[in-house]
Amino acid sequence: MARGRRVFEGRGRMIAELGAFALMLALALSMGQTALSAAGRLRHSALLQGAGEGAALGAFIAVLIAFLALMDAFIRSDFSVANVANNSTTTEPMFYKVTGVWGSHEGSVLLWNLVLTGFGALIVLFGDNLPRALKALTVMVQGLLAVLFIGYTVFASSPFARLANPPVQGNPLNPILQDPTFAIHPPFLYCGYVGFSVVFSLAVAALIEGRVDAAWARWVRPWALTAWSFLTVGIMLGSFWSYYTQGWGGWWFWDPVENASFMPWLAGAALLHSAIVTEKRGTLVGWTVFLALIAFTLSMLGTFLVRSGVLTSVHAFAVDPTRGTILLTIVAAAVGAAFALFAWRASKLSGGGLFSPVSREGALVLNNLFLSTACATVLLGTLYPLIRQALTPNNPISVGPPFFALTFNPLMIITLLIVPFGPLLAWKRGDLRAAAMSLRIPAALALACGLVALAVMQPRMALSCAGLALGFWLIFGALAELAERSRVGRVAAMESLRRLGGLPRGAWGTTLAHAGLGVFVLGACFESSWKLENAQTLSPGQTMSIGAYSLKLDSVTPIDGAGYSAEHAVISASRNGNPICTLSPERRTYPAAAGQTTSKKSICVLGASDLYVGLDDGQQNPDDIHAWVVRAYWYPWARFIFIGPVLMALGGLISLSDRRLRFSMPQRAKAKGGPLKTEPAE
Amino acid sequence: MRRGLAGALAVAAAAVMLIGAADDPSDRLKSPAEESRARALFQQLRCVVCQNESIDDSEADLAQDLRRIVRTQIAQGRSDDQVRAFLVQRYGQFILLKPPLSPGNATLWLTPLVLVLAGGAYVWRRSRAVRREEPALTPAEEKALGRLQAPAGAKEAPHSEV
């Protein structure tokens with residue numbers, strides 16, 4: 001028995017050490033990747049460059065091994081590994097043991113490294129169409145980033161550190177993180193954040209080469225699209241998690257953590273659009289490079305500023321000031337070097353370019369103006385309390401949601417008003433009147449929808465109805481582009497269908513993404529304007545009402561769950577006497593987490609709307625019968641808030657599958673006679 | 001340090017989880033109009049000991065106290081501004097989630113406007129320049145263009161597909 005146990009531990013020991021070793025190997029390989037790629041570029045040696053690429057693939061595999069080793073430790077609950085002991089218990093379900101890998105600071109940095117080297121490997125595998133020199137430098141920069149972050153992991157944040165006296169039971173993963181949505185949220189978010197590293201590396205490589213042209217923009221676009229789509233889903237998942245676990249309808253708080261993910265999203269959205277201009281018209285070159293640098297800068301800044309504890313946030317879960325400072329230093333070094341290079345080289349970039357205000361590029365420039373101002377506003381609002389505190393330490397201030405409502409929202413509203421025009425304007429010289437003519441039907445429909453809402457919705461809120469009209473404007477405007485392109489109504493129906501089928505995927509992607517934006521606006525507007533809430537102290541058998549619904553507390557029973565015990569309520573909802581659904585909110589207590597209690601909400605999905613019920617602490621009412629505070633919420637159209645971003649990300653993916661955007665495309669274009677060959681835009 | 005980290009986690013978690021208490025049945029003001037004014041104010045006031053929450057969202061003891069103060073003062077007939085002024089006097093500007101437009105905060109409030117105006121002016125100048133630099137075609141050029149376009153047939157539509 002004792003012998004068997006020792007063997008078991010021995011095996012565990014080896015695997016965690018294997019992980020630590022793999023991580024060091026990854027560091028060495030990343031160094032090799034950087035040095036060999038640089039040498040390959042300098043000596044124009046395909047051999048050296050190939051060796052650098054091989055090292056990049058090796059670094060990814062090494063980090064993957066380290067990651068799997070840590071996962072293995074979590075799965076086996078090997079509490080001799082400090083990170084496992086601090087972030088998991090034997091009683092957790094297997095799913096949370098696995099997702100616990102990235103629940104801690106060390107683990108999440110390891111995930112960051114995995115994605116970073118993963119994208120490095122992707123450049124090697126899918127970057128065949130890049131010019132040799134540019135590819136070598138891109139792989140080099142990506143390697144340099146990997147050296148910085150893997151180096152940090154090895155020397156300051158190793159997830160494989162051992163405990164001399166392993167505890168019998170570990171500290172559980174924070175109970176509120178024990179949720180399927182939250183568990184898959186970080187991987188998406190990190191793929192988004194780190195996806196921008198490729199764009200960053202491409203920009204730095206192009207600056208070193210001193211050549212940025214339309215072809216470069218074409219190479220940047222698929223990577224930016226990939227990162228942006230992941231980030232969209234990642235942010236949406238975080239928002240959805242906060243919406244359905246925390247109750248009270250909060251899906252966005254302008255909290256520093258949220259802002260941190262939103263800033264790269266805005267910069268990425270601006271980059272997607274400016275890269276189109278650079279690709280099609282050869283202009284805005286410097287600006288596109290700048291955005292490519294800024295998108296990843298904001299990703300790093302956001303992640304680690306929050307991690308460092310410099311900014312306070314509701315949901316900063318892995319805060320560690322000491323190591324945060326190291327991370328911020330690393331980020332500052334990488335970013336400082338990149339922007340110094342930009343300042344040095346930017347003046348040499350050709351193609352500042354001129355454009356007509358009424359043209360596709362004019363619309364895209366306006367899009368960039370507003371998106372980047374919005375991004376700067378979020379950045380300022382997030383950092384301003386810090387700046388003020390440094391200047392006048394005695395009088396700290398707060399910058400909260402009301403500030404963003406007054407600054408960010410107007411900027412976004414103007415942006416959204418312009419959106420439908422963009423795709424309908426031609427390059428160089430657009431016809432505003434023709435575009436306006438194509439949009440007259442969507443505009444009339446949107447207006448009608450707004451007016452109907454004004455007549456029907458109680459309480460009456462004119463601004464909210466205008467917001468709804470804006471959402472419909474985006475959806476119908478996006479459809480109008482398809483109608484215009486397929487000449488609906490002007491040619492035979494079959495011909496229209498044929499044209500619709502022949503549209504490039506990029507066009508479908510644009511339509512879907514813009515319509516998704518509209519769906520989001522509808523949900524956001526409706527939910528925040530007409531949500532209802534009610535809280536009542538109920539004993540079993542009593543009822544309360546919310547909106548048109550009536551809720552009856554049937555029973556409350558104690559139950560045992562995985563890693564917690566709970567009070568389980570059964571509540572039946574009805575409307576005009578007709579039963580609608582049964583809700584079962586719980587009040588959970590986690591003995592392993594010092595008796596921390598969480599409230600498990602129960603949701604009844606009614607179309608796009610949610611009826612949402614939570615259970616709060618029990619109390620004796622005057623008649624000495626046990627009673628509970630039942631909190632009920634009605635969130636109309638709330639699902640649209642999350643469906644919208646999913647459509648946007650899908651639009652991104654569909655665009656990505658466009659023949660013209662495939663990673664191999666520039667070569668084909670070259671064969672046809674130069675990458676600048678004009679093609680119809682999507 | 002580990003313990004400190006775990007402690008911080010617990011605090012953060014507690015701050016997040018115990019939420020939604022602003023609407024406790026027993027605390028509500030009698031007049032619905034006053035109660036909705038109170039709720040609107042809650043959303044603009046920071047729970048000063050919490051990580052980053054309004055007193056509408058937080059169930060910290062202090063948030064509870066602050067809600068009681070706001071409700072009491074509203075019931076006594078004070079205006080929103082008077083309530084805010086009272087709280088600022090007590091807790092400093094930190095309590096306001098919407099910083100006042102004061103000379104000290106001018107940078108914060110005006111930067112977005114300045115950025116969009118400056119950017120807009122720059123874009124406008126660049127787009128005007130194009131009209132000056134790209135004069136209309138001369139009659140001879142028009143004719144040459146017509147010759148070039150003739151074999152291709154009709155004028156190219158703006159959204160021709162592949």
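Residues numbered from 1 in each chain as written. Chains lettered and ligands numbered in written order. Predicted model: local features only at pLDDT ≥ 70, side-chain atom pairs only at ≥ 80, totals over all residues.

> Would you take a moment to explain the overall build of chain B for this structure?
The number of helices and strands found in chain B is six helices and zero strands. Of the regular secondary structure in chain B, the N- to C-terminal order runs α-α-α-α-α-α. The 162 residues of chain B split such that 27% are buried. Taking all contacts inside chain B whose residues are at least 6 apart in sequence as the whole, residues at least 24 apart take part in 49%. (Helix = DSSP H or I, 4+ residues; strand = E, 2+ residues; numbered from the N terminus. Buried ≥ 20, exposed ≤ 12 C-beta atoms within 10 Å, placed from the backbone. Contact = placed C-beta atoms within 7 Å.)

> Is there a simple way to explain the overall build of chain A in this structure?
When its secondary structure is counted, chain A shows 20 helices and 10 strands. For chain A, with 682 residues in total, the buried portion stands at 56%. For chain A, long-range pairs separated by at least 24 residues make up 74% of all intrachain contacts whose partners lie at least 6 apart in sequence.

> How do you make sense of the packing of helix α16 (residues 462–485) of chain A against helix α18 (residues 505–530) of chain A when you look at a structure like this?
To characterise two packed helices, one gives the angle between the axes of the helices and the distance between these axes. Residues and elements named next belong to chain A. The interhelical angle for the contact between α16 and α18, taken along N-to-C directions, is 165°, at an axis separation of 8 Å. Taken together, the axes of α16 and α18 lie roughly antiparallel to each other. Taken as a pair, α16 and α18 cross one another with a handedness that is left-handed. Considering only residue class, the contact of α16 with α18 consists of 16 nonpolar, seven polar and two charged. (Axes fitted to C-alpha atoms, helices over the stretch in contact; angles between N-to-C directions. Parallel < 35°, antiparallel > 145°, perpendicular 65-115°, else oblique. Left-handed = near helix turned anticlockwise from the far one by under 90°. Nonpolar A, V, L, I, M, F, W, Y, C, P; charged D, E, K, R; others polar.)

> I keep staring at the pairing of strand β7 (residues 596–600) of chain A and nothing clicks. Help me out?
The two faces of a sheet get side chains in turn, since along a regular strand they alternate between them. All names here are of chain A. Judged from the five bridges that link them, strand β6 (residues 586–590) and β7 form a sheet pairing that is antiparallel. Paired with arginine 588 across the strands is threonine 598, a residue of β7. The loop that links β6 with its antiparallel partner β7 comprises five residues; one of these, alanine 594, has a positive phi angle of about 55°. (Pairing = 2+ DSSP bridges.)

> Help me understand the pairing of strand β3 (residues 549–561) of chain A, please; the structure alone is not making it clear to me.
Residue and element names in this part refer to chain A. Sheet topology places strand β2 (residues 543–546) next to β3; four bridges connect them, and they run antiparallel. Its bridge partner lying in β3, methionine 544 is registered against leucine 551. Taken together, β2 and the strand that follows it, β3, pair antiparallel across an intervening segment of two residues, in which glycine 547 is found at a positive phi of about 55°. Inspection of the sheet shows β3 paired to strand β4 (residues 564–575) by 12 bridges, in the antiparallel sense. Considered in β4, the bridge of leucine 551 is made with alanine 573. The turn linking β3 back onto β4 is made up of two residues, and glycine 563 within it adopts a positive phi angle of 85°.

> Would you mind showing me how to read helix α15 (residues 440–456) of chain A here?
Three or four residues apart is the spacing at which side chains of an α-helix point the same way, because the helix has 3.6 residues per turn. Residues and elements named next belong to chain A. The terminal C-alpha atoms of α15 lie 24 Å apart, and with 17 residues this matches the ideal 24 Å at 1.5 Å per residue to within 8%. Within α15 the residues assigned to the buried category are Pro442, Ala446, Gly450 and Ala453. The buried residues of α15 occupy an angular sector of 70° when the element is viewed end-on, so they sit on one face. Facing away from the buried side of α15 by more than 90 degrees, the exposed set consists of Arg440, Ala444, Ala448, Ala455 and Val456. (Expected span 1.5 Å × (residues − 1). Arc of directions from axis to C-beta.)

> Looking at this model, I keep getting lost on the nonpolar core. Mind explaining?
When a protein is soluble and globular, its nonpolar side chains tend to lie buried together. With 218 residues, the main nonpolar core has Val199, Leu266, Ala292 and Val630 of chain A as its most contacted residues. Sort the elements by how many residues they give to this core and helix α8 (residues 214–246) of chain A lands first, with 21 residues. With residues near it in sequence (within four places) discarded, alanine 292 of chain A still touches Val199, Phe200, Leu202, Ala203, Val220 and Leu271 of chain A. If you look at the next biggest cluster of nonpolar residues, it comprises 18 residues, including Cys50, Ala63, Ile74 and Ile95 of chain B. (Core = buried A, V, L, I, M, F, W, Y, C linked by C-beta atoms within 7 Å.)

> Explanation requested: the domain arrangement of chain A in the structure shown.
By convention, interface size is frequently given as the accessible area that disappears when the constituent parts associate. All names here are of chain A. One can read the domain layout of chain A as domain 1 (1–178), domain 2 (425–528) and domain 3 (532–635). If you average the C-alpha positions of domain 1 and of domain 3, the two centres end up 43 Å apart. Domain 1 puts seven residues into the contact, and the matching count from domain 3 is seven residues. (Domains from an automatic or database assignment.)

> What is the right way to read helix α3 (residues 61–75) of chain B from this model?
Residue and element names in this part refer to chain B. For α3, spanning 15 residues, the distance from its first C-alpha to its last is 21 Å, which sits close to the expected 21 Å at 1.5 Å a residue. Among the residues of α3, those classed as buried are Ala63, Leu66, Arg67, Val70, Arg71 and Ile74. For α3, the buried positions fall inside an angular range of 135° around the axis, keeping them on one side. Opposite the packed face of α3, turned more than 90 degrees from it, sit the exposed residues Asp61, Asp65 and Arg68. Contacts from the buried residues of α3 go to α2 (32–42) and α4 (80–91). Of the residues one or two after α3, glycine 77 is the one with positive phi, at around 95°.

> When you look at the packing of helix α5 (residues 105–126) of chain A against helix α6 (residues 132–156) of chain A in this model, what are you seeing that I'm missing?
Residues and elements named next belong to chain A. Running from amino to carboxyl end, α5 crosses α6 at an angle of 165°, the nearest separation of the two axes being 10 Å. By the angle class used here, α5 and α6 are roughly antiparallel. Regarding α5 and α6, the two cross each other, and that crossing is left-handed. Where α5 approaches α6, its residues Val109, Leu110, Trp112, Asn113, Leu116, Thr117, Phe119, Gly120, Ile123 and Val124 are matched on the opposing element by Thr138, Val139, Gln142, Gly143, Leu145, Ala146, Phe149, Ile150 and Thr153. A class-by-class count of the residues in the contact of α5 with α6 yields 12 nonpolar, seven polar and no charged.

> Help me understand unusual backbone geometry in this model?
What you tend to see is this: most non-glycine residues have negative phi, and most peptide bonds are trans. Residue and element names in this part refer to chain A. A cis geometry characterises the amide bond from glutamine 458 onward to proline 459, with omega recorded as -10°. Within the secondary structure, proline 459 sits in the loop between α15 and α16. Positive phi outside glycine occurs at histidine 44, with the angle close to 50°. A tally of 11 C-beta atoms within 10 Å means that histidine 44 is categorised as exposed. Notably, tryptophan 637 is not glycine yet its phi reads approximately 60°, a positive angle. Here tryptophan 637 lies in the loop between β10 (626–635) and α19 (638–656). When the 23 C-beta atoms within 10 Å are taken as the criterion, tryptophan 637 is described as buried.

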